[in-house]
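Single-letter residue listing:
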Amino acid sequence: IIKRLGGTAMNDMNNNHKKVLITGGSRGIGEAIGKAYQEEGCFVIVADLIECTYSDFFYKVDFSQVNEVEILMNNIFKEFKDIDILINNVGIMHRNNLIETKTEDFIKVIQTNLTSVFITTREFAKNREKDKEKLGRIINIASTRHLMSERNTESYSASKGGIVSITHALAISLS
């Protein structure tokens, strides 16, 4: 689902404006980051389950669904040709004691928080292969929970630890 919101039309934009994609950008840290980029004159694209009111462009996406994340990235590159900054911020937490946690709940958190980072980054890198001279930025939001876990946060802690690890590996692979 795509919804155009207020803001600058893409064809009216000056090339100096950066296009920023923020996953999970409708509230919290993502919203604060998005608003800060807008204040700097960037064109902000938000992808989230919860509609936001500040972004220039919004995609409704369930990040636990791999096909929706792949479709999101395909649509972004069709619509905008490129993005300059990718911010992987989306995150959910499932709090339940280990014995009562269903496997599908654990998987949903991993897919939302970690698998989506892999997919968005892979597609961003593929698109960058077309113009290797053009620099891009990837910012992955993790959590102190990867080292300082709380009770009943196994899936969240594992996903955030995975983000730290994949970010380290990506830094080497994409350098």
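Residues numbered from 1 in each chain as written. Predicted model: local features only at pLDDT ≥ 70, side-chain atom pairs only at ≥ 80, totals over all residues. Heavy atoms only, no water.

Novice: Give me the overall build of the chain: which residues, what numbers.
Specialist: Per the secondary structure count, the chain includes four helices and six strands. The C-alpha radius of gyration computed for the chain amounts to 16 Å, which stays within 12% of the reference 16 Å derived for 175 residues, consistent with globular compactness. With the principal axes as the frame, the chain shows a C-alpha extent of 55 × 35 × 30 Å. When the 175 residues of the chain are sorted by exposure, 42% land in the buried category. A sequence separation of at least 24 residues applies to 63% of the contacts in the chain between residues at least 6 apart. In the structure as shown, the chain presents an accessible area of about 9,800 Å², 52% of it carried by carbon and sulfur atoms. In the chain, the 22 positive side-chain charges and the 22 negative ones have mean positions that sit 1 Å from each other. (Helix = DSSP H or I, 4+ residues; strand = E, 2+ residues; numbered from the N terminus. Rg over C-alpha atoms; globule rule 2.2 N^0.38 Å. Buried < 20%, exposed > 50% of the residue type's maximum accessible area, 1.4 Å probe, protein only. Contact = heavy atoms within 4.5 Å. Areas by Shrake-Rupley, 256 points an atom, 1.4 Å probe, with all protein chains shown as cover. Lys, Arg positive; Asp, Glu negative; His and termini not counted. Charge placed at Lys NZ, Arg CZ, Asp CG, Glu CD.)

Novice: A description of the pairing of strand E3 (residues 43-48) should follow, citing residues and the corresponding values.
Specialist: Of all six residues that make up E3, six are buried, and the element is covered over most of its length. Taking every second residue as pointing to the same face, both faces of E3 are buried, with Phe43, Ile45 and Ala47 on one and Val44, Val46 and Asp48 on the other. Relative to E3, strand E2 (residues 19-23) runs parallel, the two sharing five bridges. Across the sheet, the residue bridging to Lys19 is Phe43, located in E3. Of the crossover connections in this fold, the one passing from E2 over helix H1 (residues 28-39) to the parallel E3 is right-handed. In this structure, E3 lies alongside strand E4 (residues 57-60), joined through four bridges in parallel fashion. For Ala47, the partnering residue across the bridge sits in E4 and is Tyr59. (Pairing = 2+ DSSP bridges. Right-handed = clockwise from strand over helix to strand, strands pointing away.)

Novice: Account for the pattern of salt bridges, with residues named and values stated.
Specialist: Under the criterion given, the structure shown has eight salt bridges. The partner of Glu70 in a salt bridge is Arg122, and the shortest N-O contact between them spans 3.4 Å. Of the two residues, Glu70 is situated in helix H2 (residues 66-80) and Arg122 in helix H3 (residues 103-128); the sequence distance between them amounts to 52 residues. Given the relative accessible area of 35%, Glu70 is considered partly exposed. Given a relative accessible area of 28%, Arg122 falls into the partly exposed group. With a closest N to O distance of 2.8 Å, Glu123 and Arg122 form a salt bridge. Overlapping salt bridges bring together Glu70, Arg122, Glu123 and Lys126 as one network. (Salt bridge = Lys/Arg side-chain N within 4 Å of Asp/Glu carboxyl O.)

Novice: Any chance you could break down the side chain of Ser155 for me, citing the residues and the numbers?
Specialist: Turning to its location among the elements, Ser155 is positioned in helix H4 (residues 154-173). Excluding anything up to four places from it in sequence, Ser155 contacts His94, Phe106, Val109 and Ile110.

Novice: Give me the pairing of strand E6 (residues 137-140): which residues, what numbers.
Specialist: The sheet contact formed by strand E5 (residues 85-88) and E6 spans four bridges and is parallel. When the bridges of E6 are listed, Leu86 appears paired with Ile138.

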